[in-house]
Amino acid sequence: MLRTLQRRGSISRTRLRGVSRALWYLIVLVVAAIRTRSAQAQTYSLLYSFQCGMDGSNPYGGLVRDGSGNLYGTTYDGGTLGHGVVFKLVPSGSLTVLHTFAGSPTDGATPVASMVRDAAGNLYGTTGEGGAHGYGTVFEVPAAGPEIVLYSFKGGPTDGASPFPALIRDAAGDLYGATVLGGTQGSGTVFKLTPAGSENPLYSFGGFPGDGEQPHAGLLRDPAGNLYGTTRDGGIGYGTVFKLSSAGVETVLYSFAGPPSDGQNPHTSLVQDTVRNFYGTTLAGGLFNGGTVFQLTAAGKGIVLHNFPGSTGDGQRPHAGLVRDSAGNLYGTTLEGGESGYGTIFELTSTGSEVVLHSFAKDASDGGSPQNSLVRDAAGNLYGTTYYGGASGCGVVF
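Residues numbered from 1 in each chain as written. Predicted model: local features only at pLDDT ≥ 70, side-chain atom pairs only at ≥ 80, totals over all residues. Heavy atoms only, no water.

A.B. asks: Please explain the overall build of the chain as it appears in this structure.
C.D. replies: Scanning the chain for helices and strands turns up one helix and 41 strands. Buried residues in the chain amount to 58% of all 398 residues. Sequence-distant contacts, at least 24 apart, represent 42% of the contacts inside the chain between residues at least 6 apart. Carbon and sulfur atoms make up 51% of the accessible area of the chain, which amounts to about 15800 Å² in all. (Helix = DSSP H or I, 4+ residues; strand = E, 2+ residues; numbered from the N terminus. Buried < 20%, exposed > 50% of the residue type's maximum accessible area, 1.4 Å probe, protein only. Contact = heavy atoms within 4.5 Å. Areas by Shrake-Rupley, 256 points an atom, 1.4 Å probe, with all protein chains shown as cover.)

What follows is the structure, encoded as C-alpha cells:
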C-alpha cells in the first residue's frame, strides 16, 4: 500500500492517537496549505482560443513541439465534419488545420491522445472512434501530403478497441500503443504496429482480481524493449502499474489500494528517473480522495508524494501524466480545484513541496480542465491545452 511520505515537518499519526479523525484531517489540511505555495512569478500566456468551428473544438490531447517552436495537436470535436482535427500552431499564434477527420468508414473520429512526430516531420496518432469498423484507428499525417489511416481496429477477442492512449515509436519505426477495450477478456490490449501496417496484439489484459484492465495512458519503453504503463482499473480494484517484457510476459508491478492512504484510477503515462523510479498521478484516491502524485521505486515500493486536497487553493483530480526536469522537479495539471475550480498547473519540487504555478480563472477565459500532459522546452517553458474555456469556451493552447 502506498504510504504518505513522511518528510521533514510532517506530523506523525502515532503521536496523535488520542486525537479524533476529524481533527487529524483538519491538521493535515493545514499542513498541506502551508506546504502548497503559489508561484506569483510565473507568466501564463494564452496562445490560441478555439472558435468551436472549422478550426476545431475541445483539445483533449497534449502537444508535440518541433525544433522551430511550432506546436502540433488534435481536437476532440469541431472541424468541417465535427469529428475533430489535427492542427499546427506557429509561434506567431497562427493556426493551420492539417487534417479534418471524416469518421467511419473511411477515417477516424474523436482523437483524445497526443501525437508522436518522427525526424522527417510525420505525425502519428490514434482516434478513439471511427475507422472501417467503428472501433478507432491509428493514423499518420505526413509532413507533405494527406492523412493516411494506417490501421482500423476491429474490436472483439482478436483485436483491440478504442485506442485512446498515445503512441510511442521505436528506432525501426514500429508504433506501440494500447486499447481501452477489446482483447480476449474485453479489458484492453497492448499492441505493436509495424511500418508495413501489420498490427500485432502483444498482450490482452485479464482484469480484476489479479490483472489490470482499461489502460488509458501511453506507454514507456526501455532500451531492452520492455514496456511500462498503467491501467485505470483492475488489480485489487483500483488500477495497476505493469511491465510487459520484450517477450510478451506481463508483470503487475503495483496494485493501487485506494483511499485514504493510496491513490486509485491512474490515467497517467509514467516518467522515470536515472535510478529507475517511476512517477505518475492518480485521478482519485489519496487522503482526501482528490488524487495523488506517486513514486514507484525500482524495488516496487509505492510512495505518495502529494495528496491533492481540492481546497486551500490546490488542485484536484490530476488526469494527465507528469514532466520531469533534470533537477528532479515534476510538472503536471489537475482537472479541477485551484482558486476557481477549473484546475491548475503545478510543480512538485524535488524536496516535496507542491507549488501551484497557475490557477485557471473563474470565468475560464484563460482555459479550463486541462486533460493531458504538458510539454517543456529547453528554457523551462511549459505548453499545454485545456478542454474548455477561452474566448468561445471550446478550449485553448497555452
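Moving on from the coordinates now.
A.B. asks: Help me out: how do you make sense of the sheet that holds strand β6 (residues 85-89) in this one?
C.D. replies: To summarise the sheet geometry, strands pair through backbone hydrogen bonds and adopt either a parallel or an antiparallel arrangement. Spatially, four strands are ordered β4-β5-β6-β7 in an open sheet, and the strand pairing comes out antiparallel. Since the sheet does not close on itself, it has two edges, and those belong to β4 (64-65) and β7 (95-100), each with one partner. Looking at chain direction, β4 and strand β5 (residues 71-75) are connected through two bridges and run antiparallel. Within β5, the position partnered with Val64 by the bridge is Tyr72. (Pairing = 2+ DSSP bridges.)

A.B. asks: Would you mind going over the pattern of salt bridges with me for this structure?
C.D. replies: Pairs can form between side chains of opposite charge once their charged atoms are near each other. Taken as a whole and assessed by the stated rule, the structure comprises five salt bridges. Close ionic contact of Asp233 with Arg232 constitutes a salt bridge, the shortest N to O distance being 3.0 Å. Judged by relative accessible area, Asp233 falls into the buried class, the value being 17%. Residue class for Arg232 comes out partly exposed when judged on its relative accessible area of 24%. (Salt bridge = Lys/Arg side-chain N within 4 Å of Asp/Glu carboxyl O.)

A.B. asks: Even after reading the chapter, I still don't get the pairing of strand β19 (residues 199-204), so can you show me in this structure?
C.D. replies: Each regular strand displays side chains that alternate between the two surfaces of the sheet. Examined bridge by bridge, strand β18 (residues 189-193) and β19 share five bridges and lie antiparallel to one another. Paired with Val190 across the two strands is Tyr203, which belongs to β19. Counting the residues in the hairpin turn of β18 and β19 gives five residues, including Gly197, whose phi is positive at 90°.

A.B. asks: Sorry, what's going on with the sheet that holds strand β41 (residues 396-397) here?
C.D. replies: Taken in spatial order, the three strands line up as β3-β41-β40 in an open sheet, and their pairing is antiparallel. Both outer strands of the open sheet, β3 (48-49) and β40 (385-386), are each paired with one neighbouring strand and no more. When β3 meets β41, the two strands line up antiparallel, connected through two bridges. Considered in β41, the bridge of Tyr48 is made with Val397.

A.B. asks: Just to check I follow, could you spell out the state of the cysteines for this structure?
C.D. replies: Between two cysteines, a covalent bond joining their sulfur atoms is known as a disulfide. Evaluation of the coordinates by the stated rule reveals one disulfide. Disulfide pairing places Cys52 opposite Cys394 at an S-S distance of 1.7 Å. Here Cys52 and Cys394 share a disulfide; its torsion about the S-S bond, 105°, makes the bridge right-handed. Linking Cys52 in the loop between β3 and β4 with Cys394 in the loop between β40 and β41, this pair joins segments that are 342 residues apart in sequence. (Disulfide = S-S within 2.5 Å.)

A.B. asks: Is there a simple way to explain the packing of aromatic side chains in this structure?
C.D. replies: Each pair of aromatic rings is reported with the distance of its centres and the angle of its planes. Using the criterion set out here, one finds 18 aromatic pairs in the structure. Here the aromatic rings of Tyr228 and Phe278 are separated by 5.0 Å at their centres, their planes lie at 45°, and the arrangement is tilted. Of this pair, Tyr228 sits in strand β22 (residues 227-231) while Phe278 is found in strand β28 (residues 278-282), placing the two residues 50 residues apart along the sequence. Since its relative accessible area comes to 5%, Phe278 is described here as buried. Ring centres of Tyr254 and Phe256 lie 5.2 Å apart, and the angle between their planes is 80°; on these two criteria the pair is classed as edge-to-face. With respect to class, Tyr254 is no different from Phe256; both count as buried. Members of the aromatic cluster, connected to one another through ring pairs, are Tyr60, Tyr76, Tyr387 and Tyr388. (Phe/Tyr/Trp six-rings, centres within 6.5 Å; stacked < 30°, edge-to-face > 60°.)

A.B. asks: Help me out: how do you make sense of the confidence of the model for the chain in this one?
C.D. replies: A low pLDDT means the predicted coordinates there should not be read in detail. In this model, the chain carries an average pLDDT of 90, and 89% of its residues clear a pLDDT of 70 or more. Across residues 1-40, where pLDDT falls below 50, the model places 67 contacts with residues more than four positions away in sequence or in other chains. (pLDDT = per-residue confidence, 0-100.)

A.B. asks: What am I meant to see in the nonpolar core here?
C.D. replies: Taken as a class, soluble globular proteins show a tendency for nonpolar side chains to be buried jointly. Counting residues in each nonpolar core, the largest one holds 11 residues, listed as Tyr48, Phe50, Leu63, Leu71, Phe87, Leu89, Leu95, Val375, Tyr383, Cys394 and Val397. In contact with Val375, not counting residues within four places along its chain, are Leu63, Arg65, Asn381, Leu382 and Tyr383. Within the second largest apolar cluster, 10 residues are counted, among which are Val271, Tyr279, Phe346 and Leu348. (Core = buried A, V, L, I, M, F, W, Y, C linked by side-chain atoms within 4.5 Å.)

A.B. asks: Explanation requested: the pairing of β6 in the structure shown.
C.D. replies: Most of β6 is tucked away, with four of its five residues classed as buried. Here β5 runs beside β6; their pairing, made up of five bridges, is antiparallel. Bridge pairing links Thr75 to Val85 in β6.

A.B. asks: What exactly am I supposed to notice about the environment of Phe346 here?
C.D. replies: Note that Phe346 resides in strand β36 (residues 344-348). In this structure, the C-alpha to C-alpha distance between Phe346 and Leu357, residues 11 residues apart in sequence, is 5.1 Å. If near-sequence neighbours (up to four positions away) are discounted, Phe346 is found in contact with Val293, Phe308, Leu322, Leu330, Tyr331, Gly332, Thr333, Thr334, Glu354, Val355, Val356 and Leu357.

A.B. asks: What am I meant to see in the side chain of Asn372 here?
C.D. replies: By the element assignment, Asn372 lies in the loop between β37 (354-359) and β38 (375-376). Accessibility expressed as a relative area gives 18% for Asn372, which makes it buried. For Asn372, the contacting residues outside a window of four places in its chain are Tyr60, Gly61, Gly62, Val112, Ala113, Ser114, Ala320 and Thr333.

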